[in-house]
Amino acid sequence: MTLSRALAVVALLFAVAACDKDKEVDLPSELVEIQSTVPVQRVWSTSVGGGGEKLRLALALAEQDGTVFAAARNGRVRAIDATNGRTRWQTDTKLELSAGPGVGDGLVVIGTNGGRLVALDAASGQQRWTAQMTGEVLATPLVADGRVVVRSVDGRLRALSASDGAEAWAVEDQVPRLSLRGTSPPVRVADTVDGGFDSGRVMAVSLSSGETLWQAQLSTPRGRSELERLADVDAAVRVSGGDVYAVGYQGRIAMMALDTGQIWWARDISSYRGLDLDGDQIYVSTSEGDVVAMRRRDGSVIWQQEGLKRRGLSTPAVQGSTIVVGDFEGYLHWIDRDSGRFVARERPGRTRISAAPLVVGDRIIVIDDGGDITAYRSGGAAGG
């Protein structure tokens, strides 16, 4: 989102608040005490720093071959041993980072709010190349098959050469006058790249050529005001077998055919964080703060946990028999996958957790918006 569009959103929000000043404001749900039935143990903690907690950045964690990669707003990038939290290497890019890291093909790739893409060597942290995009990067880059695919806030999806950063192809989708702060990260699906756009569309393009193979309208803008017409698909799509699952803000969650984009089923639901799935269920954090479990085959609701309303949830992560989600006060909640009941809760810090918890074996590793990283060993990993 450009600065002018961001200011327009803020102005509209103030206008709405002024009109509704006499209305009672719904506060975040207070947490009730729970009886922990799944053992959770803190294993290690560290920090990459950065202080980007108020900027709504897309700085998350990535893991490959037992190494966790993390990036901070202040330009620092670290490779961390997933077992003990020790630093394997650290690099200071001296840039204001906003998204990533994306990992693959021996690279660690991060983006900046100035639209710069930086590729580091995954083994050493040394810079390999940089490239300039046309807009702020607010989605984790995809690195696969000799390509680095990146979304920028101006609606462009670009593929660069993993060897030197030269552009291979680009596609573009129309950006509405107003949109949420964030973009859907590109996801590799066989030989295609799938992702959502601010127009409410989900698109699949060829990884090698950039040819658009199909597009589906997931969320349709509706309403009189610009705010009511927000219909962004900012969450990452999820793929299993021949099915693609996607969810949009003020829109729908849907299952689509992997080869054609045909929508098999859709249900009204709103989410800007996203979803995760396992063998037979989908789990989504809604815009209102509910965690909902649905059947993959038809979208029917199995359970809905309403105890976290308006707590600004992260994307849920599936770990064995539990679903793990973070909130705006820095709590982590473990939820039973079958019943939707809370089974454990921890508070690694007091800063918002926006990024999805990272599952590495029997461990949940989480980074908060201030750059603090904590790893837990969870008994829920054994179930499933």
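Everything numeric in this text was worked out from a predicted model, so none of it was measured.

**Re the confidence of the model for the chain**
Then step 1. Chain-level statistics for the chain give a pLDDT mean of 90 and a share of 91% at 70 or above.
Then step 2. The model gives residues 1-21 a pLDDT under 50, and that stretch makes 22 contacts with residues more than four places away or in other chains.

**A word on empty space enclosed by the protein**
Then step 1. Following the criterion strictly, the structure yields two cavities of 30 Å³ or more and no others.
Then step 2. Volume-wise, the largest cavity comes out at about 40 Å³.
Then step 3. Lining the largest cavity, in full, are Arg151, Leu157, Ser184, Val193, Asp194, Gly195, Phe197, Met203 and Val205.
Then step 4. Taken together, the elements giving at least two residues each to the lining of the largest cavity come down to strand 16 (192-196) and strand 17 (201-206).
Then step 5. Here the lining of the largest cavity takes three residues from strand 16, the largest share from any one element.
Then step 6. Taken together, the residues of the lining of the largest cavity break down into five nonpolar, two polar and two charged.

**With respect to the side chain of Gln319**
Then step 1. Among the structural elements, Gln319 can be located in strand 27 (residues 317-319).
Then step 2. For Gln319, the side chain forms a polar contact with the main-chain oxygen of Arg363, separated by 3.5 Å.
Then step 3. One polar contact links Gln319 to Ser378, side chain to side chain, over a distance of 3.3 Å.
Then step 4. For Gln319, the residues in contact, after removing those within four places along its chain, are Trp334, Val359, Gly361, Asp362, Arg363, Ile364, Ser378, Gly380 and Ala381.

**With respect to the environment of Leu138**
Then step 1. Considering the arrangement of structural elements, one finds Leu138 in the loop between strand 10 (127-132) and strand 11 (142-144).
Then step 2. Take Leu138: its relative accessible area is 5%, and that puts it in the buried class.

Rules of the game
Residues numbered from 1 in each chain as written. Predicted model: local features only at pLDDT ≥ 70, side-chain atom pairs only at ≥ 80, totals over all residues. Heavy atoms only, no water. pLDDT = per-residue confidence, 0-100. Contact = heavy atoms within 4.5 Å. 1 Å grid on protein atoms, 1.4 Å probe; cavity = no way out; pocket = protein on both sides within 12 Å on 5 of 7 lines; lining within 4 Å. Points joined across faces, edges and corners; volume = space filled by probe spheres on them. Helix = DSSP H or I, 4+ residues; strand = E, 2+ residues; numbered from the N terminus. Nonpolar A, V, L, I, M, F, W, Y, C, P; charged D, E, K, R; others polar. Polar contact = N/O pair within 3.5 Å; in protein donor to acceptor, adjacent residues only side chain to side chain. Buried < 20%, exposed > 50% of the residue type's maximum accessible area, 1.4 Å probe, protein only.

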